[in-house]
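Coordinate analysis (summary)
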Amino acid sequence: MSCKLGKCLAGPVLMVAAIGFAVVLSEFILRLFAPQPLLGVEPAFVAREGNELYQLQANLDQVFSVLDGSYRVITSPSGNRGTDPENNCRETDNPHERFVFCGDSFCFGNGVDGEESIPGQVQEMVGDTVEVYNIGQPGYSLPQTAARLQWFLERWGADRAFLLFFTGNDFEDCHPERLGSIWIDDSGAIRVGDETMSGGWREKTYAIRYWLWKNSMLFSLVRRSLANFKSPPVNPAALYQEGFPTNDSLLIKTVETSLDSMAAYCEQFQCDFTVVIIPSHIQADDEWWSGSMEGTNADRWAPQRWLNNWCISRNVGCIDLAPVTLEMGRVAFLPTDRHFTPEGNRNCAEYIVDQMSRQEKEVSGEE
């Protein structure tokens, strides 16, 4: 009887052992040969409060190797790229003007060193009379960015806040199926976290998944692949169809609520608010555009018009970087990653500073 039982168990045991060996071997191969980290800076993230309002790991100083080269990431004790302010400029006599830039990976500066990001380049151009802070977090949606901006303004304050809005995915990332545990409730407020996740087996499951996410490149790869598979299919032409994005009521409600929240936070904390529109790479190059939109009735600048109209209706500043990217074309973008090159960031920063100067002169009546 015991022999028969041993034979019955041998098969499953060998199968489990083979699977375990394959997993360990795959992890070893990824760590040995794949770019480190495999998925950009994602393994450097740290979750906050058990939900999707993650932030960069605090006090990080690490060089990341990706397909387009390597870049250094230095973070503050609060998980911002660069440094944190020393005080709240609304509670103390701060001698310098304070700018804060918020957004996703284009604000953070994927693929480039911190001083080569748009906020870093702006800091160099405006000099020591202005403090510039970069609170961009790779992968953030607009509700996440709104929550991050509120957190910064409550803690440190600012004189001007800039939202870097990337038309390539900031609209579609507000699709309800992509927001996860961040959503808009019936009152129109942004909610973060899933109350059903606190306590019990779901919290333990989250802790296990998070540990694997932080420590296993294989798990990160599988997780990203499954996330892309589960996400609603994205038709590149959908962004540029007549009526977009107002023809998607759920998506536009999230976008508008997020933007309205950021504008309200800035008004509450006496901070000027400006939306900086970053075109997608397919908008920036005629060949990319025609190749992606062939056979469609796509409207190339529909997202920009909607954002500009929102800014006008809310009396919010708006800077469209389309002139910069159209002039530079493909050289503004990294070959594989499609984020801005250092030169692309520098030209965008120059345009932002120039537009700020023009707007200030218009307000003062000099022009």
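At a closest axis distance of 9 Å, the pairing of helix H4 (residues 142-155) and helix H7 (residues 249-268) adopts a crossing angle of 10 degrees. It follows that H4 is roughly parallel to H7 by the angle criterion. Where H4 abuts H7, its residues Leu142, Pro143, Thr145, Ala146, Leu149, Gln150 and Leu153 lie against Thr254, Val255, Ser258, Met262, Tyr265 and Cys266.

Backbone geometry follows two general trends: most residues other than glycine have a negative phi, and most peptide bonds adopt the trans configuration. Despite not being glycine, Asn59 shows a phi value in the positive range, around 55 degrees. Within the secondary structure, Asn59 is located in the loop between strand E2 (55-56) and strand E3 (61-66). Judged by its relative accessible area of 55%, Asn59 is exposed. Residue Gln270 is not a glycine yet carries a positive backbone phi of 55 degrees.

The next point concerns the confidence of the model for the protein. Per-chain confidence: the protein averages 79 in pLDDT, with 71% of residues scoring 70 or above. The low-confidence segment residues 36-52, where pLDDT is below 50, has 63 contacts with residues more than four positions distant or belonging to other chains. Below a pLDDT of 50 lies the segment residues 194-200, which in the model reaches eight contacts outside its immediate sequence neighbourhood of four places, other chains included.

Another point: the packing of aromatic side chains. Taken as a whole and judged by the stated rule, the model has twelve aromatic pairs. Summarising the aromatic geometry, the rings of Phe64 and Tyr71 are spaced 6.2 Å apart at their centres and angled 40 degrees between planes, so their arrangement reads as tilted. According to the relative accessible area criterion, Phe64 is buried, its value standing at 2%. Among the residues examined, Tyr71 registers a relative accessible area of 3% and is labelled buried. A cation over an aromatic ring shows up here: Arg81 above the ring of Phe108, its NZ or CZ 4.3 Å from the ring centre.

Turning next to helix H3 (residues 118-126). Taken residue by residue, H3 has Ile118, Pro119, Gly120, Gln121, Val122 and Val126 as its buried positions. Remark: Gly127 follows H3 within two positions and exhibits a positive phi of approximately 80 degrees.

How each quantity is defined
- Residues numbered from 1 in each chain as written.
- Predicted model: local features only at pLDDT ≥ 70, side-chain atom pairs only at ≥ 80, totals over all residues.
- Heavy atoms only, no water.
- Axes fitted to C-alpha atoms, helices over the stretch in contact; angles between N-to-C directions.
- Helix = DSSP H or I, 4+ residues; strand = E, 2+ residues; numbered from the N terminus.
- Parallel < 35°, antiparallel > 145°, perpendicular 65-115°, else oblique.
- Contact = heavy atoms within 4.5 Å.
- Buried < 20%, exposed > 50% of the residue type's maximum accessible area, 1.4 Å probe, protein only.
- pLDDT = per-residue confidence, 0-100.
- Phe/Tyr/Trp six-rings, centres within 6.5 Å; stacked < 30°, edge-to-face > 60°.
- Lys NZ or Arg CZ within 6 Å of the ring centre and 35° of its normal.

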